[in-house]
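One letter stands for each residue in the lines below.
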Amino acid sequence: GAGVSQSPRYKVAKRGQDVALRCDPISGHVSLFWYQQALGQGPEFLTYFQNEAQLDKSGLPSDRFFAERPEGSVSTLKIQRTQQEDSAVYLCASSPFQGQGGIYEQYFGPGTRLTVT
Amino acid sequence: AQSVAQPEDQVNVAEGNPLTVKCTYSVSGNPYLFWYVQYPNRGLQFLLKYITGDNLVKGSYGFEAEFNKSQTSFHLKKPSALVSDSALYFCAVRASSGSARQLTFGSGTQLTVLP
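On a predicted model such as this, the values are computed, not experimentally measured, just so you know.

J.: Any chance you could explain the overall build of chain B here in plain terms?
T.: On a plain count of helices and strands, chain B comes out with zero helices and twelve strands. Reading the secondary structure of chain B in the N-to-C direction produces β-β-β-β-β-β-β-β-β-β-β-β. Against the globule reference of 13 Å for 115 residues, chain B gives a C-alpha radius of gyration of 14 Å, in line with a compact fold. For the C-alpha atoms alone, the extent of chain B along its principal axes is close to 45 × 30 × 20 Å. Intrachain contacts of chain B at a sequence separation of at least 6 include 57% that bridge at least 24 residues. If the 9 positive side-chain charges of chain B are averaged to one point and the 7 negative ones to another, these points end up 10 Å apart.

Written out as structure tokens, the structure reads:
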């Protein structure tokens, strides 16, 4: 089946612009994660959804970052008033429910490379 | 807080030789451990995981990893490297207890297999 897809793959924004990044998880996956990967670094956690509920947003770096998953499927990460330090690859991952039935790996999308000029 | 250390930024190995990519972790309680591989301009691909049980875990493409609780390590290994194994490798950890579900990643190790 189809994997996790993200759009756009590349985004160039001028400082101060708002951007919206989309993630389509694998169908039926309950859990959805957003990570930020700076150049030469490992991914860092931003936020986590279980269905439509945002259960953890402790990794969001500022109140300019906002994520939603209103119907428990597609998710959007929005960054308001972008700054140069927001330049990074934004990765989305999904997995089946992480419960007593098993611990599943996360399946990652190709990422959106955001460049703020 | 949980953390992962990958002490080598770069590992070079000749094709056909065994390879090891090192990983140590820190987490409260028992860990869930993962290895991912990243090719240029692509997302992370899952290789293998340790949840419980046998300390030697076998995964995709002939890779394996050994969980060592006393040394808090989870090194990735392959008996015979291929040029196509050249990529960026990430180790990740998640605590088995608590409500957190996210992975904490190391900084990555660039593996280059020389023909």
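This is not the end of the story, as more comes after the structure.
J.: Looking at this structure, I do not really get unusual backbone geometry. What am I missing?
T.: Residues other than glycine predominantly adopt negative phi, and peptide bonds predominantly adopt the trans conformation. The amide bond that connects Ser7 of chain A to the next residue, Pro8 of chain A, takes the cis arrangement and shows omega of -10°. Mapped onto the fold, Pro8 of chain A is located in the loop between strand S1 (5-7) and strand S2 (10-13). Backbone geometry at Tyr61 of chain B places phi at a positive 60°, although glycine is not the residue there. If you trace the backbone, Tyr61 of chain B turns up in the loop between strand S7 (56-58) and strand S8 (64-68). For Tyr61 of chain B, a relative accessible area of 54% puts it in the exposed group. Unusually for a residue other than glycine, Thr72 of chain B sits at a positive phi of about 45°. One can find Thr72 of chain B in the loop between S8 and strand S9 (73-78).

Reading the values: the criteria
- Residues numbered from 1 in each chain as written.
- Chains lettered and ligands numbered in written order.
- Predicted model: local features only at pLDDT ≥ 70, side-chain atom pairs only at ≥ 80, totals over all residues.
- Heavy atoms only, no water.
- Helix = DSSP H or I, 4+ residues; strand = E, 2+ residues; numbered from the N terminus.
- Rg over C-alpha atoms; globule rule 2.2 N^0.38 Å.
- Contact = heavy atoms within 4.5 Å.
- Lys, Arg positive; Asp, Glu negative; His and termini not counted.
- Charge placed at Lys NZ, Arg CZ, Asp CG, Glu CD.
- Buried < 20%, exposed > 50% of the residue type's maximum accessible area, 1.4 Å probe, protein only.

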